[in-house]
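# Observations on chain architecture
Each chain, written out:
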Amino acid sequence: MKPMGFKFKSMTLALVSTQLFVQANLNAAEPIKISVNANMKHIVGGVAELDRSKFITLHSFIGDTNWGNSDAKKGLSKEDAALRDQFLNQYDVYLGRDNGAFPWHLARLKKSAKNGEISVSHVEKFGQQDKQNYAQFYQADPTAVSALEKRTVNMMRGGQPVMYPHLEYQFPCTVKKCSQYNTWIKGFDELAKFYADNLTFSYGQGGTTGEPKPAYIEVMNEPILFAAKHRATAQSISELHVKVAREIKKSHPEIKVGGYTAAWPGIEERDFATFDERWKVFIDTAGKDMDFYSIHIYDSYRGNKEAYRAGANAEAILDMLDQYSLIATGERKPWVISEYGYFTPNPIERAEIKEVGYSRKLDWLNIRSFSSMMMGFLERPDQIAVSMPFHINKALWYNSQNGGVDANGKRYSTRLFVMEEELSGKKYVKEKADSKWVFSDILKWYQLWSDVKGTRVDSFANQIDMQVDAYVDGNKLYLIANNMELSEQGLALDVQGLFNNQLIQVSSKHLYWHPQQQRAVLENERLATSAKVFPIAAEATRIFTFEFANEIKIDQHLNEHKYYASDENSFRQPIKADTPIEFEVNQVNKGKQGEAILRLGLGRKHHLSLTPQVTFNGVELDVPSDVRGHYENKARKDFFGILEIPVPFSAIKKDNRIEVVFADSGGTATTAVLQVFNMSKAIKRPQ
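Fair warning: this is a prediction, and the values are worked out from it, not measured in the lab.

## Some words on the nonpolar core
One finds Phe87, Tyr195, Trp279 and Trp449 to be the most contacted residues of the largest nonpolar core, which totals 112 residues. Looking at which element gives the most residues to this core, the answer is helix α11 (residues 360–377), with 9 residues. In this view, Phe87 contacts Leu58, Trp67, Asp92, Val93, Leu416, Phe439, Leu443 and Tyr446; residues no more than four positions away in its chain are not counted. Formed by 32 residues, the second largest nonpolar core is a distinct cluster that contains Phe616, Ile658, Val660 and Ala672.

So this is what it looks like as structure tokens:
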């Protein structure tokens, strides 16, 4: 990313013929040009509609009592149940994820177990109680609970590493302190039966039959990260996933089972040894039995620098795992991104966050990362099963033995609710009988995205660090611009394909960090069709809503498809100076007109070149000097990301040969993916 420091004065919005233009009058630099073809549907793998249940989600569950001022142990008050319903309905938010039910349900079976075997009769007994409790919950307000059930269509339930059965392999403890939680279950088969039986007896089909079964099961949450503590290995954890998946499928074939719910996805570390030791083992062992892969992706802070994954790095991670899955299993799997955002351990390195309790700056960093990462996920609507921006409602379980406060005086870092007393940044704030809980700044992310829906249409920005997307719903066009630059930018919009449809009004929501107020600010503006400033702040998101007199007609289409290098030997090739690295991308379906991007995955030391010579079927390509997102601060030990290289459409054949040559040695070319956009009509992009 190349920062552009400039200010701009004015921007004019006018309707000219069939085009809508917003032009910036800038002194110091040209604005970023964004084009939208409102009449061209953008289809990826057969998907063009925005499914909010996959993207606008909350890490919560249907029975969560951590809303508003209610005492979680006594249940929700009517006032706070109304608050919950208003939040979910007003901002069109879907539930969710829960990693507490399975461990709790398992723990209550320990006393009745014999010789490491779980009593099925006790699983059924407890299950009947669970269903009865849910039926009472439903009958208290059938209308509200029925509405809640509709918001659990992609609900995830997950296990925890404390459930791992030590007795399967009886590995010795190799760290200072190992877990002793689960030394009573005799093995993997027994735990697998528990998962299946629990789903059978504790869940129903909604209403008085019991809580609806979850759509997705993550076998364990971040198990390999804690493998040594739980006397496990990547191999044994992978084997456990296979056992659980196969057992669940016997009685619940409709439920999707996956993993390994990976933390710290730095697969490039130690020259990709982390990939070999974790993901390769998992895919080789369990890949064919998984319905999906799950992963956690976070921006973070390392060595007094921001360490971003949003952009080129996240894309490279997913491309590499996709391509290896194709090699090992013959297919790409759907992705469950069950946590993403900004990694916030306590205490965090940043002094401005470390020295306070609740931090509005920390909320902003999460909000920023939520939008930057989700914009990338929205480009994979056919492959993302569900994604979850990570924050907890209240996290009352955190250091509950000390009133929710840790040794540094801080409560759990990122929450939807905070106490009013925390808003000043005060430390050592414990909940009292009269404490008042209010929404944190995380609420603003949901407010920002509350209206966006509809059919995805073609959009484009001439700067790689300006993420854009667009959707048409009836007579409305939603245009999202997410600024990955570290400075304010100007936008020049060109919306085409309107067929003289009269523009009625334009409004925008602009969510950004306000340095004077030291908080995230969400500006809602109605924009005049005369002169108006259209800035977008540093690392901010701005969503424009264009409302027209009539429904927007969609009569063109764009079909996007990714083609992966087919030769197994082309995966993860070492880079040697002046030595061609070859890829073959075959069986490409090319239309009459369109566009194409070569996504080249690279892992290299920071001092090495990122601008190789690339030829595509003998045609030399212009390799951009910039990549999506931030990399110039070099917070991570190595660069790992994708280069996005335009390919002339005329150069594409059914079978394609790619050569990549670097002038220097070192590092790895991980993947080559050809992204093809077949269009029903040729279009011209702004330069």
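## Some details on the packing of aromatic side chains
In total, this model carries 37 aromatic pairs according to the counting rule given. Plain terms: the ring middles of Phe275 and Tyr324 are 5.5 Å apart, the flat faces sit at 85° to each other, and that makes the pair edge-to-face. A residue pair is termed long-range when its members are at least 10 positions apart, and Phe275 in helix α8 (residues 269–286) and Tyr324 in helix α9 (residues 312–329) qualify at 49 residues. Assigned by exposure class, Phe275 and Tyr324 land together as buried. Considering the side-chain rings of Trp279 and Trp335, the 5.9 Å spacing of their centres and the 70° angle between planes classify their relative orientation as edge-to-face. Of the two residues, Trp279 is situated in helix α8 and Trp335 in strand β12 (residues 335–342); the sequence distance between them amounts to 56 residues. Like Trp335, Trp279 is buried.

## A few points about the confidence of the model for the protein
Per-chain confidence: the protein averages 93 in pLDDT, with 94% of residues scoring 70 or above. In this model, residues 1–28 is a region of pLDDT below 50 whose contacts with residues beyond four sequence positions or in other chains number 111 contacts.

## Digging into the pattern of salt bridges
For side chains bearing opposite charge, pairing can occur when the charged atoms are close. One pass over the structure, following the stated rule, counts 46 salt bridges. Residue Lys249 pairs with Asp291 through a salt bridge whose shortest N-O separation is 2.7 Å. In this pair, Lys249 sits in helix α7 (residues 234–251) while Asp291 sits in the loop between α8 and β10 (292–302), placing the two residues 42 residues apart along the sequence. For Lys249, a relative accessible area of 25% translates into the label partly exposed. You can call Asp291 partly exposed: its relative accessible area is 23%. Notably, a salt bridge pairs Asp382 with Arg332, separated by 3.4 Å at the nearest N-O pair. In this pair, Asp382 sits in the loop between α11 and β13 (384–389) while Arg332 sits in the loop between α9 and β12, placing the two residues 50 residues apart along the sequence. For Asp382, a relative accessible area of 31% translates into the label partly exposed. Arg332 sits in the partly exposed class, given a relative accessible area of 26%. Overlapping salt bridges bring together Glu315, Asp319, Asp322, Glu379, Arg380, Arg599, Arg628 and Glu644 as one network.

## Topic: the sheet that holds strand β26 (residues 581–585)
Strand order across the open sheet formed by 4 strands is β26-β31-β28-β29, with antiparallel pairing between neighbours. Strands with a single pairing partner mark the edges of an open sheet, and in this sheet they are β26 and β29 (619–620). Note: strand β28 (residues 613–616) against β29, 2 bridges, orientation antiparallel. Bridge assignment links Phe616 to a residue of β29, and that residue is Val619.

## Thoughts on the side chain of His42
Here His42 lies in strand β3 (residues 32–44). Polar side-chain contacts of His42 include one of 2.7 Å to the side chain of Glu560. His42 has contacts with Val47, Ala48, Arg456, Val457, Asp458, Leu558, Glu560 and Phe677, leaving out every residue within four places of it along the chain.

## Things to note about the state of the cysteines
For the structure on display, the rule yields 1 disulfide. The residue that forms a disulfide with Cys173 is Cys178, at a sulfur-sulfur distance of 2.1 Å. Torsion about the S-S bond of the Cys173 and Cys178 cystine: about 95°, corresponding to right-handed handedness. Taking the relative accessible area as the measure of exposure, Cys173 reaches 34% and is therefore partly exposed.

## Observations regarding a negative patch on the surface
A contiguous patch of negative charge, built from Asp567, Glu568, Glu584 and Asp655, is present on the exposed surface. One can find Asp567 in the loop between β24 (556–564) and β25 (573–574). For Asp567, a relative accessible area of 35% puts it in the partly exposed group.

## Looking at α8
Asp276 marks the point of greatest bend in α8, at about 40°. All of the buried residues in α8 are Phe272, Ala273, Thr274, Phe275, Trp279, Phe282, Ile283 and Ala286.

## Details of the packing of helix α4 (residues 120–140) against helix α6 (residues 188–202)
Running from N to C, α4 and α6 point in directions that differ by 40°, and their axes come no closer than 8 Å. Relative to α6, the element α4 is oriented oblique. Classified by chirality, the crossing of α6 by α4 is right-handed. Residues Val120, Val123, Glu124, Gly127, Gln128, Asp130 and Lys131 of α4 form the contact with α6, whose participating residues are Asp197, Asn198, Thr200, Phe201 and Ser202. Here the residues of the contact of α4 with α6 are counted per class, giving 3 nonpolar, 5 polar and 4 charged.

## Some thoughts on unusual backbone geometry
In this model, Leu95 is joined to Gly96 through a cis peptide bond whose omega is -15°. Examined against the element boundaries, Gly96 turns out to sit in the loop between β5 (94–95) and β6 (97–98). For the bond running from Gly259 to Tyr260, omega is 5°, close enough to zero to count as cis. Structurally, the position occupied by Tyr260 is in strand β9 (residues 256–262). Residues other than glycine seldom take positive phi values, yet Arg270 does so here, at roughly 55°. Topologically, Arg270 is positioned in helix α8. Using a relative accessible area of 51% as the deciding quantity, one classes Arg270 as exposed. Residue Glu539 is not a glycine yet carries a positive backbone phi of 55°. Following the sequence through the fold, Glu539 ends up in the loop between β22 (535–536) and β23 (541–548).

## Let's talk about a nonpolar patch on the surface
A contiguous nonpolar surface patch, about 260 Å² in accessible area, is contributed by Leu225, Phe226 and Trp264. Structurally, Leu225 is set in the loop between β8 (216–218) and α7. Leu225 sits in the partly exposed class, given a relative accessible area of 32%.

Thresholds, definitions, all that
- Every chain is numbered on its own, with residues counted from 1 as its sequence reads.
- Owing to the predicted nature of the model, reporting of local features is limited to residues with pLDDT of at least 70; listing and counting of side-chain atom pairs is limited to 80 or more, with chain, interface and lining totals taken over all residues.
- Excluded from the side-chain calculation are hydrogens and water; included are all heavy atoms of the structure.
- What we call a nonpolar core is a set of buried Ala, Val, Leu, Ile, Met, Phe, Trp, Tyr and Cys residues that are connected through their side-chain atoms within 4.5 Å.
- Only protein chains enter the accessibility calculation, which uses a 1.4 Å probe. A residue is then buried if its area is under 20% of the maximum for its type, exposed if over 50%, and partly exposed in between.
- We count a stretch as a helix when DSSP gives it H or I for four or more residues in a row; a strand needs E for two or more, and each element gets its number in order from the N terminus.
- For this analysis, residues touch if any pair of their heavy atoms sits within 4.5 Å.
- Note on aromatic pairs: the rings of Phe, Tyr and Trp (six-membered ring only in Trp) are paired at centre separations within 6.5 Å, and the planes decide the class, stacked below 30 degrees, edge-to-face beyond 60, tilted for the rest.
- Values of pLDDT, ranging from 0 to 100, describe the predictor's confidence in every residue of the model.
- We define a salt bridge as a contact between a side-chain nitrogen of Lys or Arg and a carboxyl oxygen of Asp or Glu at a distance within 4 Å.
- If DSSP finds at least two bridges between two strands, the strands pair.
- In protein, a polar contact requires one atom able to donate a hydrogen and another able to accept it; more generally it is a pair of N or O atoms within 3.5 Å, and residues adjacent in sequence count only if both atoms are side-chain atoms.
- Criterion for a disulfide: a pair of cysteine sulfur atoms at a distance within 2.5 Å.
- Only residues whose relative accessible area exceeds 30% and that form no salt bridge are eligible for patches; like-charged ones are grouped when within 9 Å, while nonpolar side chains (Val, Leu, Ile, Met, Phe, Trp, Tyr) are grouped when within 5 Å.
- Every accessible area reported is derived by Shrake-Rupley at a probe size of 1.4 Å, with residue values counting cover from the shown protein chains alone.
- Counted as positive: Lys and Arg. Counted as negative: Asp and Glu. His and the chain ends are not counted at all.
- Charge positions are represented by NZ for Lys, CZ for Arg, CG for Asp and CD for Glu.
- Two axes enter the bend calculation: one fitted to the seven residues ending at the residue in question, the other to the seven starting there, and the bend is the angle between them.
- All axes are obtained by fitting lines to C-alpha atoms, using only the stretch in contact for helices, and the reported angles, taken between N-to-C directions, cover 0 to 180 degrees.
- Should an angle fall under 35 degrees it is called roughly parallel, over 145 degrees roughly antiparallel, and 65 to 115 degrees roughly perpendicular, with every other angle called oblique.
- In this scheme the handedness of a crossing depends on how the near helix is turned from the far one: anticlockwise by less than a right angle means left-handed, clockwise means right-handed.
- In this classification, Asp, Glu, Lys and Arg are treated as charged, Ala, Val, Leu, Ile, Met, Phe, Trp, Tyr, Cys and Pro as nonpolar, and every other residue, Gly included, as polar.

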